[in-house]
Amino acid sequence: MSQGLKRGLTHYGDPDFSRYLRYSFAKSMGYSGKLLARPVVGIAYPSSGFNNCHRHFPELLEAVKRGVLAAGGLPLEFSTISLGEVFLNPTSLMFRNLMSMDVEEMIRAQPMDSVVLMGGCDKTVPAQLMGAASAGLPAVQLVAGPMMTGSHRGERLGACTDCRRFWAQFRAGTLSKTEIDGIEDRLAVTAGTCPVMGTASTMACLAETLGITLPGTAAIPAVHADRLRAAEATGELAVQLTENGITPDRLITPRSIENALRVLLALGGSTNAIIHLTAIAGRLGVKISLQTLNRLSDATPVLVNLKPTGSHYMENFFAAGGVGAVLQELKPLLHLDCPTITGQTLGERLGQASEFVDRSIIHPFDKPVESVGGLVALFGSLAPQGAILKRSAADQRLFEQKGRAVVFTSLEDLSNRIDDPGLEVTENDFLVLQNAGPRSGTGMPESGYLPIPSKLSKAGVQDMVRISDARMSGTAFGTVVLHVTPEAATGGPLGLVRNGDEIELSVKNRRLELLVPDETLSRRRTEAVNVSASQSIDASRGYAKLYMEHVLQADEGCDFDFLKSP
Ligand code: FES
């Protein structure tokens, strides 16, 4: 097969003419014939003025290129869609599959022998791994790295666990407008991804566990000089990949996915990671079952003391030993024969124990933060295909109980009524949000973390059981049951819940039951419910139409049916 710029010629009906034209145009960029004869390393480059997390990418790109050039390759970056979490309407998740298609198609269409995937902000790494898995070219991930923390009146701040804490205080009236405005300036103070174990950090750690990043690179802060050295080394490795051809399907296997699930549980990582990992694995025909998650969760302790489940930040995690130290603790539970991008197996990587581990942040296996894993799947009449609870970030006193449903039929209904002083709600009720799943027309927002009704938060209530088909930010916390599947908008039982219904939650038994007779539910199925559509996407054309017609449920990773491997 042709290499470098000779690969995949543009069709003009005359291959020699295509080659001649390509080289003359490549030479117009000032490259010498000698450089153009080298193996080509593509660099997927999602830099954007709408993505604060990637604002250091120009410098990082230079370091990757340096590594490629030094190792004898030709680095050529190509811009792709960039997904800046807080700049996208309705949600970044809706565009993850679009970015994955962009990455896949551009890897396939352009002449490169391997690819470096530069990503970081929440959905970018999953999108790149999905796209690269489908494209099948040797690929190595380089993550942005986390931000550094800020400080406000002597207190450390990090987006976005602290954003939520302070916002809850502001809603409860214990924080003034002047103070919340001051905090706004100090929550996100450097380039890089959110500095807690949110979705971006979780996905970075899982990418390292899958073996598709260089070892030891997931947690390096974005602004640390080590991050630039990691970028240079990644560029160098990408040139080796043009020779040894380690493709994503050799790294992402049922065994490495099980390792990643173990690490996800030990990190107390983001609930979103289950959706992303399922989608990435699904591109290669590897299925993740939520029953497997429960089996692993019972036997995998939480080892990492990081926000939102604990008290520290990613810069501490890096200094404490990072992913390598967590893998060392989990070693007896891991499949050590899994290959990694360097050519070593995971077992070989872990041959030498970490030199230093800060045990206040990464706990030893026999003295864990929690004895069981951070996430658990629930099943029952309210969630026949499952729902997710991040038990490590929830109030255990709420785990075994029955509650009366207080139902919101849409995001709009929620925002209109949640703070209504006349809302009939007590702290023992279960707040239920419907029509916020993948096909609801809202893009499955991170609104599963329903705010505590202000009359209760002012009375000091900090947590309640909340149930929805939405997602939750990886940086959030609370007794929040998410991803209820099937979702309300496709006829799932969640849509049949009415105010006053009794719901039973049992985390111990992994159950979520709607205690309403079948005849009543059958009758309700025939009743029309007035759901506000004002926040829905216009699915009559374009990408929104494609999304609404093809997006799968949460238990299938919210990928498109035609992108998943059979
Ligand atoms: Fe980009 Fe949090 S906003 S990772």
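Cut-offs applied
- Residues numbered from 1 in each chain as written.
- Predicted model: local features only at pLDDT ≥ 70, side-chain atom pairs only at ≥ 80, totals over all residues.
- Heavy atoms only, no water.
- Helix = DSSP H or I, 4+ residues; strand = E, 2+ residues; numbered from the N terminus.
- Rg over C-alpha atoms; globule rule 2.2 N^0.38 Å.
- Buried < 20%, exposed > 50% of the residue type's maximum accessible area, 1.4 Å probe, protein only.
- Contact = heavy atoms within 4.5 Å.
- Lys, Arg positive; Asp, Glu negative; His and termini not counted.
- Charge placed at Lys NZ, Arg CZ, Asp CG, Glu CD.
- Disulfide = S-S within 2.5 Å.
- Pairing = 2+ DSSP bridges.
- Axes fitted to C-alpha atoms, helices over the stretch in contact; angles between N-to-C directions.
- Salt bridge = Lys/Arg side-chain N within 4 Å of Asp/Glu carboxyl O.
- Core = buried A, V, L, I, M, F, W, Y, C linked by side-chain atoms within 4.5 Å.

Student: An account of the overall build of the protein is needed here, citing residue identities and associated values.
Tutor: For the protein, the helix and strand inventory stands at 20 helices and 14 strands. The C-alpha atoms of the protein give 24 Å as radius of gyration, which agrees with the globular expectation for 566 residues (24 Å, within 12%). The buried share among the 566 residues of the protein stands at 60%. Restricting to contacts in the protein with at least 6 residues of sequence separation, those with at least 24 account for 75%. One way to put it: in the protein the 54 positive side-chain charges average out to a point 2 Å from where the 59 negative ones average out.

Student: Got a sec to walk through the state of the cysteines? Specific residues and values, please.
Tutor: Overall, the coordinates contain one disulfide when judged by the stated rule. Two residues, C160 and C163, share a disulfide whose sulfurs are 2.1 Å apart. One disulfide, between C160 and C163, carries an S-S torsion of -105° and so falls in the left-handed class. For C163, a relative accessible area of 16% corresponds to the buried category. Free of any disulfide, C205 has its nearest cysteine sulfur in C194, 14 Å distant.

Student: I'd love a proper account of the sheet that holds strand β1 (residues 40–45), names of residues and values included.
Tutor: Across the sheet, which stays open at both edges, the four strands sit in the order β2-β1-β3-β4 with parallel pairing between neighbours. In the strand order of this sheet, the two ends are held by β2 (74–79) and β4 (139–143), each with one partner. Each adjacent strand pair in this sheet contributes to an overall mean axis angle of 25°, direction not counted. With six bridges connecting them, β1 and β2 associate as parallel partners. From the neighbouring strand, G42 faces β2, where its bridge partner is L76.

Student: Would you mind going over the side chain of K307 in detail, with residue names and values included?
Tutor: Residue placement: K307 occurs in the loop between α13 (290–298) and α14 (314–320). With near-sequence residues (within four places) excluded, K307 lies in contact with T161, D162, R165, V196, M197, H312 and Y313.

Student: With reference to specific residues and values, describe the pattern of salt bridges.
Tutor: For the structure on display, the rule yields 35 salt bridges. Among the ionic pairs, D298 bridges to R510, the shortest N-O distance being 2.4 Å. In this pair, D298 sits in helix α13 while R510 sits in the loop between β13 (502–506) and β14 (511–514), placing the two residues 212 residues apart along the sequence. Using a relative accessible area of 14% as the deciding quantity, one classes R510 as buried. Its salt-bridge partner being R523, residue E527 comes within 3.5 Å of it at the nearest N-O pair.

Student: Pulling in residues and values, what's your account of the nonpolar core?
Tutor: Of all hydrophobic cores here, the largest spans 112 residues; its most connected members are I107, M118 and F317. With eight residues, helix α11 (residues 254–267) is the largest single contributor of residues to this core. One finds A383, L389, A488 and L512 within the second-largest nonpolar core, a separate group that totals 28 residues.

Student: Go over the environment of A222, please, and point to the residues and values.
Tutor: Locating A222 in the fold gives a position in the loop between α8 (199–210) and α9 (225–244). Looking at A222, the relative accessible area reads 7%, which means it is buried. Among residues more than four places away in sequence, those in contact with A222 are H56, A144, G145, P146, A191, G192 and R227.

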